[in-house]
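Coordinates in review
These are the residues of each chain, in order.
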Protein chains: 2
Amino acid sequence: MTQTMPTLLDLAELKQLVRTVPDFPKDGIQFRDITTLIGSGPGFSSTIGHLAQQASERGAQAIAGMEARGFIFGAAVAARLGLPFISVRKPGKLPVPTIGVDYALEYGTDRLEIDPDSVHGDQRVVIVDDLIATGGTAEAAVKLLRMAGGTVEHALFVIDLPDLGGSQLLDHAGISVASLMQFEGD
Amino acid sequence: MTQTMPTLLDLAELKQLVRTVPDFPKDGIQFRDITTLIGSGPGFSSTIGHLAQQASERGAQAIAGMEARGFIFGAAVAARLGLPFISVRKPGKLPVPTIGVDYALEYGTDRLEIDPDSVHGDQRVVIVDDLIATGGTAEAAVKLLRMAGGTVEHALFVIDLPDLGGSQLLDHAGISVASLMQFEGD
């Protein structure tokens, strides 16, 4: 097998690969788009390398990622470390009895579900997602993984929007947050 | 960084890790569930290893995966090979002008979209997904990636259900299909 050995880009270089789309999904929002980051071979591989190193340093025994963009980063980190991947899904996707948590959105509510058997014993689960804004989705994932018996103390994100307070919300839930880059003023 | 070097499981061992759930999503369907495969660290990493080897042998310059389960496998293959990952998304998810293809489901239609700029020139794009059944979703992804200028000749799947004819459908579209395992009688 011929395997490309990609350059490991540093965090400042990775930040340059994130595209900012103004006024999406509504006026005044600067959408930080990872399409261009994952569209760079060295950029994507380096992102996974940095996240995998951080997950490893935190003693991860499994990686959990939330549908759908969390799958892109979380699964690749799990595969790189040889760890199980726990898919945190939208309602109705799993073919077995699930456990679920409802959580508030700006308008209405949403729900996350997992197969409770996908968490093995009290294994140390590290959450990986593309972006933390208000932290509501990540907080729901933490609750769900803990309901299934997991030990959840760390969450890793590619992007943090610190002005939206997600890190503090997770801190109150006993979760330490790390991210590869931050965008202020969002 | 301490990195686990997982055992590379063979294809027969990987097949044992797929869970069969009877009568989902409706009576008489045997649902082949990858939750248990990705829930095994060695199983998931080995699956990505086998897919990455096949993608590399086919000259992949980018990997495309379809939302949502295709992200789990496709992105990890791209990261392992240091290649770009092209996310083929459900409608309304991307923050930029997209191109889309509608395709038929058993009841009604569905739609896939991509950012046309995520395909660079005529790069050789290999599609990776968890499962091929009738092949309708994969056929739509092929059309879309070709509309964006990509050279698309290969699709890789973890699971093929050959009785449902997906491989033949893609063969008619000029796509050669490979899979890590097959379940007959579905």
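These remarks concern the structure in this document. All values derive from a computational prediction rather than experimental measurement.

Re the overall build of chain A
A count of helical and extended segments in chain A gives 6 helices and 9 strands. Relative to its length of 186 residues, chain A is compact, with a C-alpha radius of gyration of 16 Å against a globular reference of 16 Å. Along the longest, intermediate and shortest principal axes, the C-alpha atoms of chain A span 50 × 40 × 30 Å. Burial status across chain A gives 54% buried among its 186 residues.

Looking at the nonpolar core
Among the nonpolar cores identified, the biggest contains 70 residues, and Phe44(A), Ile63(A), Phe73(A), Phe44(B), Ile63(B) and Phe73(B) are the most heavily contacted of them. Once you skip the residues sitting within four places of it in the chain, Phe73(A) turns out to touch Ile34(A), Leu37(A), Ile38(A), Phe44(A), Thr47(A), Ile48(A), Leu51(A), Val128(A), Asp130(A) and Val158(A).

Here's the deal with the packing of aromatic side chains
Aromatic rings considered in pairs are described by the distance between their centres and by the relative angle of their planes. Applying the stated criterion across every chain yields a total of 8 aromatic pairs over all chains. Residues Phe44(B) and Phe73(B) carry aromatic rings whose centres are separated by 6.0 Å and whose planes lie at 75° to one another, so their mutual orientation is edge-to-face. One end of the pair, Phe44(B), is in helix α3 (residues 41-57); the other, Phe73(B), is in helix α4 (residues 69-81), with 29 residues separating them in the sequence. For Phe44(B), a relative accessible area of 0% gives the class buried. Through a chain of ring-to-ring contacts, three or more aromatic side chains come together here, namely Phe44(A), Phe73(A), Phe71(B) and Phe85(B).

Here we look at helix α3 (residues 41-57) of chain A
Residues and elements named next belong to chain A. In a regular helix each residue adds 1.5 Å, so 17 residues correspond to 24 Å; α3 covers 24 Å between its end C-alpha atoms and thus fits that length. Counted residue by residue, α3 has 13 buried out of 17 residues, so it is predominantly covered. Capping the start of α3, Ser40 holds a side-chain oxygen 2.8 Å from the backbone nitrogen of Gly43, two or three residues further along. Positive backbone phi, approximately 75°, marks Gly59, located one or two places after α3.

A closer look at the relation of the copies chain B and chain A
It takes a turn of 180° to lay chain B on chain A, together with a shift of 0.0 Å along the axis; the resulting RMSD is 0.0 Å. The transformation just described matches what one would write down for a two-fold rotation axis. Across chain B, the rotation axis passes nearest the C-alpha of Ala76(B), at a separation of 2.0 Å.

Calculation rules
Residues numbered from 1 in each chain as written. Chains lettered and ligands numbered in written order. Predicted model: local features only at pLDDT ≥ 70, side-chain atom pairs only at ≥ 80, totals over all residues. Heavy atoms only, no water. Helix = DSSP H or I, 4+ residues; strand = E, 2+ residues; numbered from the N terminus. Rg over C-alpha atoms; globule rule 2.2 N^0.38 Å. Buried < 20%, exposed > 50% of the residue type's maximum accessible area, 1.4 Å probe, protein only. Core = buried A, V, L, I, M, F, W, Y, C linked by side-chain atoms within 4.5 Å. Contact = heavy atoms within 4.5 Å. Phe/Tyr/Trp six-rings, centres within 6.5 Å; stacked < 30°, edge-to-face > 60°. Expected span 1.5 Å × (residues − 1). Polar contact = N/O pair within 3.5 Å; in protein donor to acceptor, adjacent residues only side chain to side chain. Least-squares fit on C-alpha atoms with pLDDT ≥ 70 in both.

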